[in-house]
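Inside the fold
Here is how the chains run, residue by residue.
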Amino acid sequence: APLAPFDLVIFGGTGDLALRKLLPALFHRYADGQIVAGTRIVAIARDTQSDEDYRGRVRDALAKFANLDARESQSVEGFLSLLLYRRLDLSSDSGWPEFSAEFAGDERVRVFYLAVGPDLFGVVADRLQSHGLVSPKTRVVVEKPLGKDGVSADAINDALARVFAETQIFRIDHYLGKETVQNLTALRFGNALFEPLWKAEHIDHVQITVAETVGVESRAPYYDKSGALRDMVQNHLLQLLCLVAMEPPSSLAADAIRDEKLKVLRALRPIVNGNAAQSTVRGQYKAGAVDGTAVPGYAQELGAQSLTETFVAIKAEVKNWRWAGVPFYLRTGKRLGERVSEIVVTFRQVPHSIFEDLTDQDPSSRLQPNKLVLRLQPDEGVKLWLMNKVPGPGGLRLRHVPLDMSFAAAFGGRQADAYERLLMDVVRGNPMLFMRRDEVDAAWKWIDPIRAAWAAGAEAPRPYTAGSWGPSAAVALIERDGRTWHEDA
Ligand code: BG6
């Protein structure tokens, strides 16, 4: 449904996130009629340029990043007319009174998107307040990284809390806006089939993989201070883990869901100095080839030697009744062999096999466990791996084959980007897919000791060749337990 005209102000309006993700997402919502004329999208940055200059940049960005079809191309100029550019300096009050005169007021929803470094969140919040730009209908969106550890995250959250109520703060984790991630909730709680099996009694283990082929390239200066654990695990992978592991919430109310996620985070078995070597592997990519193209190593991209990890694998455990003894294997990395993100739930074997004799004659008939594979990207979809008879009049032979539901085939159309859903949720004031402060805290409480353990150990991240699946130690991490990483055959 169309949203009443609103104002969306993007600090960092000329940055990578704005041009690659936010503006294309807003454009698609406009082309679909959800954002209407009268809405103002205001980009803020430090350089001097006119609205027209800025619109030109966005026109280029849309052509590059928005995947326009013929119908949508006709909406570009209309969308650009909603865009304004204003120059503001965050370190002084100059320009702010004029800005406030133009945009203050409490009739319409006003969203401030802070696509700037976290050290500036407090500064921007204070200026917004002192210039009268915060009303009950004002919302603020903050991007990760929310600090670099629990202590700095706390300071940032305090600074935001001085100006905004918790219900006005939208901490974005774009993984929560991905279609398949939302579908996980639909599958778990909209079907009678899975929930009775969704526990240690029937599930052997869970794998969560977010593999990227990209390197860090121009983001090296940011990335080197972060590393894969903070960049991906603290937020995206832990959020996925929470959605798999949480108890059924009583409703879709934001706090009902967030309460359940929080309990999972608090039940994670701590990884500390004593068990970090057993439960974690870090790696850093060296030169290699991805998709047949030679690529440099991380240190070359950074231009310096570094101990920052670009890969991490973790064996996590959720210490509660439902999940006792069920490992959650997490792994994520840059410059891996393939871009694939998926959640794999592996069920336990049948208690007794009546097919033993078959297996002697035809080893491929060996029973394999059922697996539910949720493919986040690319080729979003769900597969349920089952044992089936090979058709034909010959003897009984079995194979492991998937029931395969591709989102594109089942629903057709364009897959909306996560930011489209999330930005509209902010305007509507629905915080369900955003992180509450206590979740962020709990996630850092689990992450910080891992980093401390790594720092205390003498080991450097293990090298892996770009284009591989990470250091061999990550394979050993799961094989020690008699399991293997899922490969979609
Ligand atoms: C971001 C990380 O949050 O997520 C990036 O900072 C990463 O390092 C990106 O590349 C991955 O997002 P997606 O949607 O491409 O899987």
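For the structure, check the block above.
Residues numbered from 1 in each chain as written. Predicted model: local features only at pLDDT ≥ 70, side-chain atom pairs only at ≥ 80, totals over all residues. Heavy atoms only, no water.

**Observations concerning the pattern of salt bridges**
Using the following cut-off: Salt bridges, as used here, are contacts in which a Lys or Arg side-chain nitrogen is within 4 Å of a carboxyl oxygen on Asp or Glu. Secondary structure counts use DSSP, requiring at least four H or I residues in a row for a helix and at least two E residues in a row for a strand, with both numbered from the N terminus. Exposure classes here rest on a 1.4 Å probe applied to the protein chains alone. A residue is buried below 20% of its type maximum, exposed above 50%, and partly exposed in between.
Counted according to the given criterion, the structure contains 40 salt bridges. Across the pair Arg-86 and Glu-102 runs a salt bridge, and its minimum N-O distance is 2.7 Å. Of this pair, Arg-86 sits in strand β3 (residues 83-87) while Glu-102 sits in helix α5 (residues 96-103), and the two are 16 residues apart along the sequence. The partly exposed category is assigned to Glu-102, whose relative accessible area is 33%. Arg-171 serves as the salt-bridge partner of Glu-166, at 2.8 Å between the closest nitrogen and oxygen. What emerges from the salt-bridge pattern is a single network uniting Arg-29, Asp-32, Arg-71, Arg-414 and Glu-420.

**So, the nonpolar core**
The line we're drawing: To define a nonpolar core, start from buried Ala, Val, Leu, Ile, Met, Phe, Trp, Tyr and Cys residues and group those joined through side-chain atoms within 4.5 Å. Contact definition: two residues touch when any of their heavy atoms are within 4.5 Å.
Membership of the largest hydrophobic core comes to 148 residues, with the highest contact counts inside it found for Phe-11 and Phe-79. Once residues lying within four places of it in the same chain are set aside, the contact partners of Phe-11 are Ile-44, Leu-88, Leu-90, Trp-96, Phe-112, Tyr-113, Leu-114, Ala-115, Val-116, Val-124 and Leu-128.

**Let's talk about α5**
Rules: What the arc measures is the spread of directions leading from the helix axis to the C-beta atoms.
Looking at α5, one finds that the buried residues are Trp-96, Phe-99, Ser-100 and Phe-103. Down the axis of α5, the buried set is contained in an arc of 100°. They therefore lie on one face. Among the exposed residues of α5, those oriented more than 90 degrees off its buried face are Glu-98 and Ala-101. Turning to α5, the residues buried within the fold contact β1 (7-11), β2 (40-45), β3, β4 (110-114) and α6 (121-130). Looking at the residues trailing α5, positive phi occurs at Gly-105, about 130°.

**Examining the packing of aromatic side chains**
Stated formally: Ring pairs shown here join Phe, Tyr and Trp side chains whose ring centres sit within 6.5 Å, with only the six-membered ring taken for Trp; geometry is labelled stacked below 30 degrees between planes, edge-to-face above 60, and tilted in between.
Taken as a whole, this structure holds 16 aromatic pairs when the rule is applied. An angle of 15° between the planes, with centres 6.2 Å apart, marks the rings of Phe-11 and Trp-96 as stacked. With Phe-11 in strand β1 and Trp-96 in helix α5, this residue pair connects regions lying 85 residues apart in the sequence. This pair shows no difference in class: Phe-11 is buried, exactly as Trp-96 is. Plain terms: the ring middles of Trp-323 and Phe-328 are 5.3 Å apart, the flat faces sit at 80° to each other, and that makes the pair edge-to-face. On the basis of relative accessible area, Phe-328 is assigned to the buried category, the value being 0%. Taken together, the ring pairs in this structure connect Phe-11, Trp-96, Phe-99, Phe-103 and Phe-112 into an aromatic cluster.

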